[in-house]
Amino acid sequence: MHGIETRSWGFPESKAEYEGARPRFAVLATGASPRVPLEQWLTGTATLYLFEVRKGFYTGYAPHWPDEEAEMRVKYPLRFGIEPLAVLRDVPLGPEGPLTEAGSDAIRRSGTDRGMGKLVDMPVLPLLDLAGIPVDADEPERVPLDKSPGFTGDQVEGKKKPQRRRRGAGYISDPKKRKAIELHAEDMAVAHYEAEGWTVERLGKPYDLRCTRGTEERHVEVKGTTGAPTSVELTINEVLHARDKDTTVDLYVVSDITLDTHADPYATSGGEVSHYLDWEPAEQDLRPRRYEYRLPLTSE
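Residues numbered from 1 in each chain as written. Predicted model: local features only at pLDDT ≥ 70, side-chain atom pairs only at ≥ 80, totals over all residues. Heavy atoms only, no water.

A. Up close: the sheet that holds strand β1 (residues 8-11). The sheet built from four strands is open, its strands ordered β1-β4-β3-β2 with antiparallel pairing. Edge positions in the open sheet fall to β1 and β2 (25-30), since each of these has one partner strand only. When strand polarity is set aside, the average angle formed by the axes of neighbouring strands in this sheet is 45°. As paired elements, strand β3 (residues 45-59) and strand β4 (residues 78-92) share eleven bridges and run antiparallel to each other. Each residue of the ladder has a partner; that of Leu-48, found in β4, is Leu-88. (Pairing = 2+ DSSP bridges. Helix = DSSP H or I, 4+ residues; strand = E, 2+ residues; numbered from the N terminus. Axes fitted to C-alpha atoms, helices over the stretch in contact; angles between N-to-C directions.)

Structure follows, in structure tokens:
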């Protein structure tokens, strides 16, 4: 659940097959026991969770998962960034389903190997079609986020699920933790722009930073996370401001931030920067989390 909500996945070690690999999609599965022969496995069904891989394999140096933060050490250093696309329930694992036999067997073998991912070359269109996600058959890698349903960690089937409400992508429920990460990312952004000769004013709202240099002016939205640089949560005002033709907006994202929750106040350090100049979020890269619905007028 934590990996899905923070858009990050990780393994305790690397494998030779991961070297140089650039996976575009990932599939997780629940509801089927993998400790059976392949012939029996192919007669069953499972719930599949389909992801787009937005950040390839990299080494993480900051504790991210709850057990890592509790022990203040990295236990799953090999990481990649994921974007949830769709949940597919009761999917046949055999030839009548959307998976190739090699793809289905990769899920089975992963389940007997500590959940370590298995790389397989297989077409993704059958999975996208089953999910009802429209893509160009010539460019199936270009998945429109606004046309994919997505899912949250609460929708994952499991025997033990904490009863807690979550919000959007990368949302952190602990306000102290969230504030520490946001401040660390903002401090890095301020240092970056000041080093380039900008005068920086911290605003917070309606945007994070106002940067001026002579007659130039830039507005900066800043985001921070302990996970992968996959997606961030935006308000409608942040989107509209970035699309305003009368303003120049940058997006400054700091990922893989180290957070020490044993310190008081929480201590932060490090982080990898993703910097987007003249940023304007495209519609296909936005997924609405909720709508305000205006009721129709009636005569009654």
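B. Layout of the packing of aromatic side chains. Throughout the structure, instances matching the rule amount to nine aromatic pairs. Geometrically, the ring pair formed by Phe-51 and Phe-151 is edge-to-face, given 5.3 Å between the ring centres and 70° between the ring planes. Of the two residues, Phe-51 sits in strand β3 while Phe-151 sits in the loop between α5 (125-131) and α6 (175-195), which places them 100 residues apart along the sequence. Note on Phe-151: relative accessible area 3%, which makes it buried. Plain terms: the ring middles of Tyr-193 and Tyr-252 are 6.5 Å apart, the flat faces sit at 55° to each other, and that makes the pair tilted. In this pair, Tyr-193 is assigned in helix α6 and Tyr-252 in strand β8 (residues 249-255), connecting sequence segments 59 residues apart. A connected cluster of aromatic rings, assembled from ring pairs, spans Phe-11, Tyr-18, Phe-57 and Phe-80. The cationic tip of Lys-55 hangs over the ring face of Tyr-58; the distance from NZ or CZ to the ring centre is 5.3 Å. Positioned over the ring face of Tyr-266 is Lys-176, at 4.6 Å from the centre of the ring. (Phe/Tyr/Trp six-rings, centres within 6.5 Å; stacked < 30°, edge-to-face > 60°. Buried < 20%, exposed > 50% of the residue type's maximum accessible area, 1.4 Å probe, protein only. Lys NZ or Arg CZ within 6 Å of the ring centre and 35° of its normal.)

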